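# Fold and contact review
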2 protein chains.
Amino acid sequence: MSTDTAGTAARDEDPRSGGPADSAFVRACRRLPGPHTPVWFMRQAGRSLPEYREIRANVAMLESCRRPDLVTEITLQPVRRHGVDAAILFSDIVVPVAAAGVDLDIVAGTGPVVAEPVSSADDVARIRPITRDDVSYVDEAVRMLVKELGGTPLIGFAGAPFTLASYLVEGGPSRTHAKTKALMYGDPDLWHALAGRLAEITLAFLRVQVEAGVSAVQLFDSWAGALSEADYRRFVLPHSQAVLAGLADAGVPRIHFGVGTGELLTAMGEAGADVVGVDWRTPLDEATRRIGPERAVQGNLDPCVLLAPWPVVEAEVRRVLEQGRAAPGHVFNLGHGVLPETDPDVLTRVVALVHELSARPADQD
Amino acid sequence: MSTDTAGTAARDEDPRSGGPADSAFVRACRRLPGPHTPVWFMRQAGRSLPEYREIRANVAMLESCRRPDLVTEITLQPVRRHGVDAAILFSDIVVPVAAAGVDLDIVAGTGPVVAEPVSSADDVARIRPITRDDVSYVDEAVRMLVKELGGTPLIGFAGAPFTLASYLVEGGPSRTHAKTKALMYGDPDLWHALAGRLAEITLAFLRVQVEAGVSAVQLFDSWAGALSEADYRRFVLPHSQAVLAGLADAGVPRIHFGVGTGELLTAMGEAGADVVGVDWRTPLDEATRRIGPERAVQGNLDPCVLLAPWPVVEAEVRRVLEQGRAAPGHVFNLGHGVLPETDPDVLTRVVALVHELSARPADQD
């Protein structure tokens, strides 16, 4: 219980204290003015960093997500190196599903591979709800991280029901999500049972992180962009809403992200997000028109731009910041995860550039 | 020359003759009223058909594209089976690139694999322009097909410069197109030299098909949706424009298609298309708002819907037709290619349903 108190304290602290709740990141999520536009990168803890490749050299992905010492170290690496405005819990979207009893592995170069893909009500019934005990390593890692990070906010991490369901139904990564869609269209009751169970698990997984002290959460619906808005609203939105509504009393901003979601941005905001993540295909000013003034945006530099010469990177960072000014709050990020081949020094320079270009005199706050 | 005359004759024939130029398909492309909404399917000639799997059983993909007898038979298979309103030349987007001297193969289950990916001006210089002699098998197949097809129009087929360049630069299929984008950003002159050369080759490849008698052409920029509109306009649009402008005097409608192009639809229309292909992510009424009244649309049933029970298929076909009424011309199609696991009988039923639902009394024409 003492650790619970620590988590609650982190969220309830005096906003003038310089703690995470008053950070540039959380303020931008809440559409409050701050000292500068905050910046972090999806997959900032990952293969772009030599120190990450070293620590992971002899440790399988799932194992690394289950060892609090490794989770803590890997989560901290990009904070130390780049000076980003937020850390994000190092994990994988299938971690809670594996904790729920699904036999799966994360295969290097492929992604999650599920031993027995889901195709029946019995398969769904075997996916059991999870409790804190099933993911105690995450609880422990978050508590360690909150202490280590001090004033830097930690973002909790989970995959959304559609993206999780796609892995479970397809048995692994899919370009078309054809089996998943066939299940939706062909057996809506089974689909809703599966997505509903995954929503419960995701909510439980995020609540463990909130109770352990994260300052925000991000719900990744990475593959939602494969759906039309009509299908998204019918088959996916209610389940993502259940997750995000279940965190309404948590007191932390909720970020909701997917790739290729230009046509879904309005609906993804309605899922209950405080912040909608946007990829590089939709300019942030246009995204803001679709999302509305009630939510902040996060994004949206093309990760491939980081492979370009610095003058191109700088021009694109300026453009993203400029277009982000149309939003009521902007968290600078990429439009998808950092590519493994990215030079980490470029990420560090981007953080400094975003801070420099967006710095606001204190008296404007 | 006699064959050239045949081609020209097919295009110039009296529109009341019942020939391809007066077909429901060509009329819809030209935004003219017709007897019904025309329907064909991307990848209608392909693995969904048992007769295709049989004919391809011992023939490699590239070889099958180079044998006029096989091209003709495979192109005709879906016309015979489904009664679609148009045939599309069976080919692969890398056929003209291979004809230009690039060492590549199409690997089953992977896609095109390029032996030496393009990374320098020397690499680009080695990609030579093509003439009709380099693709005489295509010329021959088109002429055979035009005779066989009678009043059914044949659509010519080519990949667009960006999608072709991505295969050449990446060395094969890519999720991120990271090397391609890095080349664009890092060495725009080299990029434009490569894309310019590919535009020349594509134009030559399509002109061979036009001169042999195709009734329309489709330029596939399958992966253009990976780009922001700003990057598309700067790096891709001029080259696609060069191809389509080079066909302005050809007298056949030009269709331009890509996947995930919601944000690019306006620009893709400006590339010089008479018809813009739209995937299932953007409803056709919304797509029409973006494309404008000067162009027809083609699409956009989600190929995964064909895996659903018939009542779902029927409802979705009705919805697509309904939304397509907002466009000044509508060619019914999928939003991407037929999936190999599709039941071909469902495709046949969709053709009949589209015709039935969209039939117009003759006196309305």
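Residues numbered from 1 in each chain as written. Chains lettered and ligands numbered in written order. Predicted model: local features only at pLDDT ≥ 70, side-chain atom pairs only at ≥ 80, totals over all residues. Heavy atoms only, no water.

### So, the packing of aromatic side chains
Across all of its chains, the model carries 10 aromatic pairs over all chains by this definition. With 6.1 Å between their ring centres and 75° between their planes, Tyr185 of chain A and Phe235 of chain A make a pair best called edge-to-face. Of the two residues, Tyr185 of chain A sits in helix α10 (residues 178-186) while Phe235 of chain A sits in helix α12 (residues 229-245), which places them 50 residues apart along the sequence. For Tyr185 of chain A, a relative accessible area of 5% puts it in the buried group. For Phe235 of chain A, a relative accessible area of 0% corresponds to the buried category. A ring pair is formed by Phe157 of chain B and Phe220 of chain B, whose centres lie 4.8 Å apart and whose planes are at 40°; its orientation type is tilted. (Phe/Tyr/Trp six-rings, centres within 6.5 Å; stacked < 30°, edge-to-face > 60°. Helix = DSSP H or I, 4+ residues; strand = E, 2+ residues; numbered from the N terminus. Buried < 20%, exposed > 50% of the residue type's maximum accessible area, 1.4 Å probe, protein only.)

### Some thoughts on the pattern of salt bridges
Residues and elements named next belong to chain A. For the coordinates displayed, the defined rule picks out 50 salt bridges over all chains. The partner of Asp139 in a salt bridge is Arg143, with the nearest N and O atoms 3.1 Å apart. Here Arg143 and Asp139 lie together in helix α8 (residues 136-149), a separation of four residues that amounts to about one turn. Classification of Arg143 as buried rests on a relative accessible area of 8%. With a shortest N-O distance of 2.5 Å, Asp279 and Arg281 are connected by a salt bridge. (Salt bridge = Lys/Arg side-chain N within 4 Å of Asp/Glu carboxyl O.)

### Focus on the UniProt feature "site: Transition state stabilizer" (unreviewed entry) in chain A
Residues and elements named next belong to chain A. This chain's UniProt record puts "site: Transition state stabilizer" (unreviewed entry) on Asp92. Secondary-structure assignment places Asp92 in the loop between β1 (87-88) and α6 (95-99). Judged by relative accessible area, Asp92 falls into the buried class, the value being 13%. Here Asp92 is in contact with Met61, Cys65, Ile106 and Phe157, once residues within four sequence places are set aside. (UniProt positions renumbered as here; feature names shortened; annotations may be inferred. Contact = heavy atoms within 4.5 Å.)

### Quick word on the environment of Ala108 of chain A
Residue and element names in this part refer to chain A. In this fold, Ala108 is placed in the loop between β2 (104-107) and β3 (111-114). Classification of Ala108 by relative accessible area gives exposed; the value is 77%. Along the primary structure Ala108 and Ala60 are separated by 48 residues, whereas in three dimensions their C-alpha atoms are 8.6 Å apart.

### A look at the packing of helix α9 (residues 161-170) of chain A against helix α11 (residues 188-212) of chain A
In a pair of packed helices, the angle between the axes and the distance between the axes together describe the arrangement. Residue and element names in this part refer to chain A. One way to put it is that α9 packs onto α11 with a least axis distance of 9 Å and a crossing angle of 120°. Taken as axis vectors, α9 and α11 run oblique relative to one another. For α9 against α11, the interelement crossing comes out right-handed. The segment α9 lies against α11, with Pro161, Phe162, Leu164, Ala165, Leu168 and Val169 engaging Trp191, Leu194, Ala195, Leu198, Ala199 and Thr202. Considering only residue class, the contact of α9 with α11 consists of 11 nonpolar, one polar and no charged. (Axes fitted to C-alpha atoms, helices over the stretch in contact; angles between N-to-C directions. Parallel < 35°, antiparallel > 145°, perpendicular 65-115°, else oblique. Left-handed = near helix turned anticlockwise from the far one by under 90°. Nonpolar A, V, L, I, M, F, W, Y, C, P; charged D, E, K, R; others polar.)

### Re the pairing of strand β9 (residues 330-334) of chain B
All names here are of chain B. Of all five residues in β9, five are buried, a share of seventy percent or more. The alternating pattern of β9 places His330, Phe332 and Leu334 on one face and Val331 and Asn333 on the opposite face, and all of these are buried. Pairing analysis gives five bridges linking strand β8 (residues 296-301) to β9, with the strands arranged parallel. If you follow Val297 over to β9, its bridge partner there is His330. (Pairing = 2+ DSSP bridges.)

### Concerning the sheet that holds strand β6 (residues 254-257) of chain A
Two orientations exist for strands paired in a sheet by backbone hydrogen bonds: parallel and antiparallel. Residue and element names in this part refer to chain A. Spatial strand order, β1-β4-β5-β6-β7-β8-β9: seven strands in an open sheet with parallel pairing. Two strands bound the open sheet, and with one partner strand each, they are β1 and β9 (330-334). Relative to strand β5 (residues 216-220), strand β4 (residues 154-159) runs parallel, the two being bridged by five bridges. Among the inter-strand pairings, Ile155 is bridged to a residue of β5, identified as Ala216. Contacting β5 and β6, α12 crosses the sheet at an angle of about 155° to β6.

### What to know about helix α15 (residues 310-324) of chain B
All names here are of chain B. Counted at 1.5 Å a residue, the expected span for α15 with its 15 residues is 21 Å, and the 21 Å between its end C-alpha atoms agrees. Inspection of α15 places Trp310, Val313, Glu316, Val317, Val320, Leu321, Gln323 and Gly324 among the buried residues, and these make up the whole buried set. Down the axis of α15, the buried side of the element spans an arc of 165°, and every buried residue falls inside it. Tucked inside the fold, the buried residues of α15 contact α14 (284-291), β8, β9 and α16 (344-358). (Expected span 1.5 Å × (residues − 1). Arc of directions from axis to C-beta.)

### Focus on the side chain of Asp139 of chain A
Residue classification places Asp139 of chain A among the buried residues on the basis of a relative accessible area of 11%. Ignoring sequence-local partners within four residues, the contact set of Asp139 of chain A consists of Arg132, Val208 and Ala212 of chain A.

### Here we look at unusual backbone geometry
Between Gly299 of chain A and Asn300 of chain A the backbone carries a cis peptide bond, its omega angle lying at -5°. You can see Asn300 of chain A is positioned in strand β8 (residues 296-301). For His177 of chain A, which is not a glycine, the phi torsion comes out positive at approximately 55°. Relative to the assigned elements, His177 of chain A resides in the loop between α9 and α10. Relative accessible area serves as the criterion here: at 4%, His177 of chain A is assigned to the buried category. Even without a glycine there, the phi angle at Arg31 of chain B is positive, about 65°. Mapping Arg31 of chain B onto the fold places it in the loop between α2 (24-29) and α3 (50-55). For Arg31 of chain B, a relative accessible area of 35% translates into the label partly exposed.

### Some words on the packing of α8 of chain A against α11 of chain A
Residue and element names in this part refer to chain A. The geometry of α8 relative to α11 is characterised by a closest axis approach of 8 Å and an angle of 30° between their N-to-C directions. As α8 packs across α11, the resulting crossing turns out to be right-handed. Judged by residue contacts, Val138, Asp139, Val142, Arg143 and Val146 of α8 engage Phe205, Val208, Gln209, Glu211 and Ala212 from α11.

### Topic: the pairing of strand β5 (residues 216-220) of chain B
Residue and element names in this part refer to chain B. The element β5 is extensively covered by neighbouring structure, given that five of its five residues are classed as buried. Residues Ala216, Gln218 and Phe220 line one face of β5 and the alternating positions Val217 and Leu219 line the opposite face, and both faces are buried. Of the pairings in the sheet, the one linking β5 to strand β6 (residues 254-257) comprises four bridges and is parallel in character. If you follow Leu219 over to β6, its bridge partner there is His256. Regarding the hand of the β-α-β motif, the stretch spanning β5, helix α12 (residues 229-245) and β6 is right-handed. (Right-handed = clockwise from strand over helix to strand, strands pointing away.)

### Some thoughts on the UniProt feature "domain: Uroporphyrinogen decarboxylase (URO-D)" (unreviewed entry) in chain A
In the UniProt entry, the feature "domain: Uroporphyrinogen decarboxylase (URO-D)" (unreviewed entry) is given for residues 38-47 and 155-171 of chain A. The span residues 155-171 of chain A shows a helical share of 59% and a strand share of 29%, and its end C-alpha atoms are spaced 28 Å apart.

### Regarding the sheet that holds β5 of chain B
Residue and element names in this part refer to chain B. Taken together, seven strands build an open sheet; the order of strands is β1-β4-β5-β6-β7-β8-β9 and the sheet is parallel. With partners counted over all chains shown, the strands left at the sheet margins are β1 (87-88) and β9, one partner each. Here helix α11 (residues 188-212) sits on the sheet in contact with β4 (154-159) and β5, set at roughly 170° to β4. Along the sheet, α12 makes contact with β5 and β6, crossing β6 at roughly 155°.

### Focus: the relation of the copies chain B and chain A
In the superposition of chain B on chain A (RMSD 0.0 Å, axial shift 0.0 Å), the rotation amounts to 180°. Taken together, the turn and the small shift mark the pair as related by a two-fold rotation axis. (Least-squares fit on C-alpha atoms with pLDDT ≥ 70 in both.)

### Concerning the environment of Gly159 of chain A
Mapping Gly159 of chain A onto the fold places it in strand β4. Those residues in contact with Gly159 of chain A that lie beyond four places of it in its chain are Ile93, Leu164, Thr202, Leu219 and Phe220 of chain A.

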